[in-house]
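Below are the chains, spelled out letter by letter.
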Amino acid sequence: DSEIKEEVKQKYSEIALQDKATNQSSCCGSGCCSTEVYNIMSDDYSALGGYTADADLGLGCGLPTQYALINKGDVVIDLGSGAGNDCFVARNETGETGKVIGIDFTEAMISKARVNAEKLGLHNVEFRIGDIEKMPVTSNAANVVISNCVLNLVPDKDAVFKEIFRVLKPKGHFSISDVVLVGNLPAKLKDDAEMYAGCISGAIQKELYLELIKSNGFKNITVQKEKPVIIPDDILSKYLNEPELAAFKGGQTGIFSVTVYAEKPEETACCAPGCCN
């Protein structure tokens, strides 16, 4: 796990210096760029309030802020905040009375996000360096947690969902865009470190992903959006020979971007000793 994290940290330090076009022609900005198509993963943010072009590195796989039901005055935490794109969109929703906290474990991303926040003059948007498996945030702090194409990069996804549950206030909720699988990836894709940093080989089965959310105590779990992720042949051919590529494309394996919503239940209350509901 530590080796995977170090690989991801190194890769995303490099990605912080890349332009958006390069990132959009690859898998989450990894080195496997395509000449066939652009926007392999990312959705178009430009119509959303608070959108900041300098903070958009083209690394997402959805628009979680569009579905996150953020209200004025809310405290919002963004996991894997990158250059701050989702944080600034969330700030547009929370307004001056709210607060947005971005967490990222890549110093280059944190530095870039802080520069962007300073340019915008946003003093209720804060960026903290830290691991989302152990967030630098007190318990019951946030109304909303968002994240965009990040949990697939984390080895211990169960730990992240436990942390999300901890930092959310009772009746708080999350909206997270992520990459999941239906069926098994070829071993050459699954085992490649660059494809892990590219948000593909670190993805888990969709059914298991949703079960992790449920087993950690969340309720009202809803898939708000789902779309297939199509990896171009010129990327896949770097990992698979022709027969393997044909078998992969003709098989039952699917790679999907999903945006998932779930709520933390209201705290239980005891009416009498031994009588809780």
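These numbers were taken from a predicted model, which means no experiment stands behind them. (Residues numbered from 1 in each chain as written. Predicted model: local features only at pLDDT ≥ 70, side-chain atom pairs only at ≥ 80, totals over all residues. Heavy atoms only, no water.)

Enquirer: Is there a simple way to explain the pattern of salt bridges in this structure?
Expert: Side chains that differ in charge, positive against negative, can pair when their charged atoms come close. Counted according to the given criterion, the structure contains six salt bridges. When the shortest N-O distance is used, the salt bridge between K99 and E126 registers 3.2 Å. Here the residue K99 occupies a position in strand β2 (residues 99-104), and E126 occupies one in strand β3 (residues 125-129), the gap between them amounting to 27 residues. Judged by its relative accessible area of 32%, K99 falls in the partly exposed class. With a shortest N-O distance of 2.7 Å, E163 and R166 are connected by a salt bridge. Of this pair, E163 and R166 both sit in helix α6 (residues 157-167), separated by three residues, roughly a single helical turn. What makes E163 buried here is its relative accessible area of 10%. What emerges from the salt-bridge pattern is a single network uniting K99, E126 and R128. (Salt bridge = Lys/Arg side-chain N within 4 Å of Asp/Glu carboxyl O. Helix = DSSP H or I, 4+ residues; strand = E, 2+ residues; numbered from the N terminus. Buried < 20%, exposed > 50% of the residue type's maximum accessible area, 1.4 Å probe, protein only.)

Enquirer: Would you take a moment to explain the packing of α6 against helix α9 (residues 206-215) for this structure?
Expert: Think of two packed helices as two axes; the pair is described by the angle between the axes and how far apart they sit. Contact geometry for α6 and α9: axes closest at 9 Å, N-to-C directions at 40°. For the pair α6 and α9, the crossing hand works out as right-handed. Within the contact between the two elements, α6 uses K157, D158 and F161 and α9 uses Y209, L212 and I213. (Axes fitted to C-alpha atoms, helices over the stretch in contact; angles between N-to-C directions. Left-handed = near helix turned anticlockwise from the far one by under 90°. Contact = heavy atoms within 4.5 Å.)

Enquirer: For this particular structure, what's the right way to read the side chain of N85?
Expert: Mapped onto the elements of the fold, N85 is located in helix α4 (residues 85-94). Judged by relative accessible area, N85 falls into the buried class, the value being 7%. Those residues in contact with N85 that lie beyond four places of it in its chain are Y45, Y51, T52, A55 and D56.

Enquirer: Can you help me understand the environment of K134 in this one?
Expert: Following the sequence through the fold, K134 ends up in the loop between β3 and β4 (142-148). Residue classification places K134 among the exposed positions, given a relative accessible area of 69%. Put simply, K134 and K162 are 28 residues apart on the chain and 9.4 Å apart in space, counted from C-alpha to C-alpha.

Enquirer: In this structure, what is going on with unusual backbone geometry? I would like to understand it.
Expert: With the exception of glycine, the majority of residues adopt a negative phi angle, and the majority of peptide bonds are in the trans configuration. The phi dihedral of K171 falls on the positive side, at around 75°, and the residue is not glycine. Mapped onto the elements of the fold, K171 is located in strand β5 (residues 168-182). According to the relative accessible area criterion, K171 is exposed, its value standing at 56%. Despite not being glycine, N220 shows a phi value in the positive range, around 50°. Along the chain, the position of N220 falls in strand β7 (residues 219-228).

Enquirer: Would you mind showing me how to read the pairing of β3 here?
Expert: Regular strands place their side chains on alternate faces of the sheet. Examined bridge by bridge, β2 and β3 share five bridges and lie parallel to one another. Residue pairing in the sheet places G102 in a bridge with F127 of β3. Between β2 and its parallel partner β3, the chain crosses via helix α5 (residues 107-120), and the hand of that crossover is right-handed. (Pairing = 2+ DSSP bridges. Right-handed = clockwise from strand over helix to strand, strands pointing away.)

Enquirer: Explanation requested: the side chain of N116 in the structure shown.
Expert: Assignment of secondary structure puts N116 in helix α5. Judged by its relative accessible area of 5%, N116 is buried. If we skip the residues at most four places from it in the chain, N116 touches D54, A55, A83 and F88.

Enquirer: Looking at this model, I keep getting lost on the nonpolar core. Mind explaining?
Expert: Taken as a class, soluble globular proteins show a tendency for nonpolar side chains to be buried jointly. One finds I77, L79, F161, I164, F174 and Y209 to be the most contacted residues of the largest nonpolar core, which totals 30 residues. Looking at this core, the elements with two or more residues in it are β1 (75-79), β2, β4, α6, β5, α9 and β8 (254-263). Apart from residues lying up to four places away in sequence, Y209 is in contact with L151, F161, I176, D178, V180, I204 and V260. Core analysis: the second largest hydrophobic core is formed by 20 residues, I70, A90, V100 and A113 among them. (Core = buried A, V, L, I, M, F, W, Y, C linked by side-chain atoms within 4.5 Å.)

Enquirer: Would you take a moment to explain the pairing of β1 for this structure?
Expert: With five of five residues buried, β1 lies mostly within the body of the structure. Every second residue of β1 is oriented toward a common face, with V75, I77 and L79 on one face and V76 and D78 on the other, all of them buried. Pairing between β1 and β2: five bridges, direction parallel. Its bridge partner lying in β2, V76 is registered against V100. Between β1 and its parallel partner β2, the chain crosses via α4, and the hand of that crossover is right-handed. Sheet topology places β1 next to β4; four bridges connect them, and they run parallel. In the sheet register, V76 faces β4, and the bridge partner there is V144.

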